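Commentary on secondary and tertiary structure
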Amino acid sequence: MHDAEERYRDILEGLAVYFASPFVADVLATASRFAEPDLGGALNRNQITSKLWLADALAGAGGGRFGTVTVLGGWFGVLAAILLADRRLAIDSVVSVDIDPRCAAVARSMNASHGQRFSAVTADMLDYPYPDPRPGTAPDLVVNTACEHLPDFASWYGRIPRGQLLALQSNDYFAVAEHVNCVPDLEAFRRQAPLAETLFAGSRRHKKYTRFMLLGRK
Ligand SMILES: C[S@@+](CC[C@H](N)C(=O)[O-])C[C@H]1O[C@@H](n2cnc3c(N)ncnc32)[C@H](O)[C@@H]1O
């Protein structure tokens, strides 16, 4: 092991103990197990800030109690881990769906401390079966924080049943090649993903771009 690696491992191990944090312990175990270069990007300051912003909205406007949370474009499972560790939220289970087959194993490791409450699936969100909302139960939630990555957003949105509770994020970071569906502002995002009932709509400025978020029922 390099000196630098050993140093960061020591620091993360110490932080996991100090904060009594299964999240930090899972991050450390995952970083040790998987030589995945993009893991740093998935855990960087902007990513974590954006995920905490979503958790805040779910705990506030969203009411905090959910059945199954389906995270589309769930990447390495960081959002799932943040939501499952949040004491303000009561979530039965999280399913993380990503088209990239590299993601599921890393996401499972990132959520190891949540046991059966977490699962990861390799699938295209355009083919994924979205069941109708179940009345009389804790609301199931569909999360898509990768809206800017969808070339045919309208097709995906058309497959979501009416009445489904949704949490969506997009951004105006047009400079990134994979961002094929950015929106210039919050109003454009609202037009792209029209909601019958809006519980939260907001923008958050980062250094290089602005992120937009919508929470509500389709
Ligand atoms: C790089 S991440 C970042 C996206 C977003 N800004 C976030 O923080 O969640 C986008 C993820 O969406 C996934 N993705 C893109 N298109 C998808 C599709 N059609 N179905 C499922 N996952 C998809 C990619 O594989 C990638 O892991």
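These figures come from a predicted structure and were not determined experimentally.

1. Description of the overall build of the protein chain
Tallying secondary structure elements over the protein chain gives eight helices and seven strands in all. Over its C-alpha trace the protein chain gives a radius of gyration of 17 Å, about what one expects of a compact globule, namely 17 Å for 218 residues. Along the first, second and third principal axes, the C-alpha atoms of the protein chain reach 55 × 40 × 30 Å. The buried share of the protein chain, taken over its 218 residues, is 31%. Long-range contacts, defined here as pairs at least 24 residues apart, represent 69% of the contacts in the protein chain between residues at least 6 apart.

2. Looking at the site of the ligand
The environment of the ligand is formed by 15 residues, the closest being Gly73, Ile99, Asp100, Met125 and Thr145. Class assignment for the residues of the shell around the ligand results in eight nonpolar, four polar and three charged.

3. Quick notes on the sheet that holds strand β4 (residues 141-144)
In sheet architecture, strand pairing relies on hydrogen bonds along the backbone and comes in two forms, parallel and antiparallel. Reading across the sheet, the seven strands line up as β3-β2-β1-β4-β5-β7-β6 and stay open at both edges, with mixed pairing between neighbours. At either end of the open sheet lies a strand with only one pairing partner, and these are β3 (118-122) and β6 (197-205). Adjacent strand axes in the sheet meet at a mean angle of 15 degrees, parallel and antiparallel pairs treated alike. As defined by bridge partners, strand β5 (residues 165-171) adjoins strand β7 (residues 210-217) across seven bridges and the pair is classed as antiparallel. By the bridge assignment for β7, leucine 166 is matched with glycine 216. Contacts from helix α5 (residues 78-85) reach β1 (65-72), β2 (90-98), β3 and β4 within the one sheet, and its direction differs from that of β2 by about 180 degrees.

4. Considering the packing of helix α2 (residues 22-33) against helix α6 (residues 103-110)
Contact geometry for α2 and α6: axes closest at 8 Å, N-to-C directions at 145 degrees. Contacts between α2 and α6 pair Asp26, Val27, Ala29, Thr30 and Arg33 from the former with Val106, Ser109 and Met110 from the latter. For the contact of α2 with α6, the residue count by class is four nonpolar, two polar and two charged.

5. Re the domain arrangement of the protein chain
Domain boundaries in the protein chain define domain 1 (1-33) and domain 2 (41-217). Tallying the contact residues gives eight residues for domain 1 and nine residues for domain 2. Looking at the side of domain 1 that touches domain 2, its residues break down into five nonpolar, one polar and two charged.

6. Comments concerning the packing of helix α1 (residues 3-18) against α2
The geometry of α1 relative to α2 is characterised by a closest axis approach of 8 Å and an angle of 155 degrees between their N-to-C directions. One element, α1, and the other, α2, form an angle in the roughly antiparallel class. The hand of the α1/α2 crossing is left-handed. Here Arg9, Leu12, Glu13, Leu15 and Ala16 of α1 come into contact with α2, specifically with Val24, Ala25, Val27 and Leu28.

Calculation criteria
- Residues numbered from 1 in each chain as written.
- Predicted model: local features only at pLDDT ≥ 70, side-chain atom pairs only at ≥ 80, totals over all residues.
- Helix = DSSP H or I, 4+ residues; strand = E, 2+ residues; numbered from the N terminus.
- Rg over C-alpha atoms; globule rule 2.2 N^0.38 Å.
- Buried ≥ 20, exposed ≤ 12 C-beta atoms within 10 Å, placed from the backbone.
- Contact = placed C-beta atoms within 7 Å.
- Near = placed C-beta within 6 Å.
- Nonpolar A, V, L, I, M, F, W, Y, C, P; charged D, E, K, R; others polar.
- Pairing = 2+ DSSP bridges.
- Axes fitted to C-alpha atoms, helices over the stretch in contact; angles between N-to-C directions.
- Domains from an automatic or database assignment.
- Parallel < 35°, antiparallel > 145°, perpendicular 65-115°, else oblique.
- Left-handed = near helix turned anticlockwise from the far one by under 90°.

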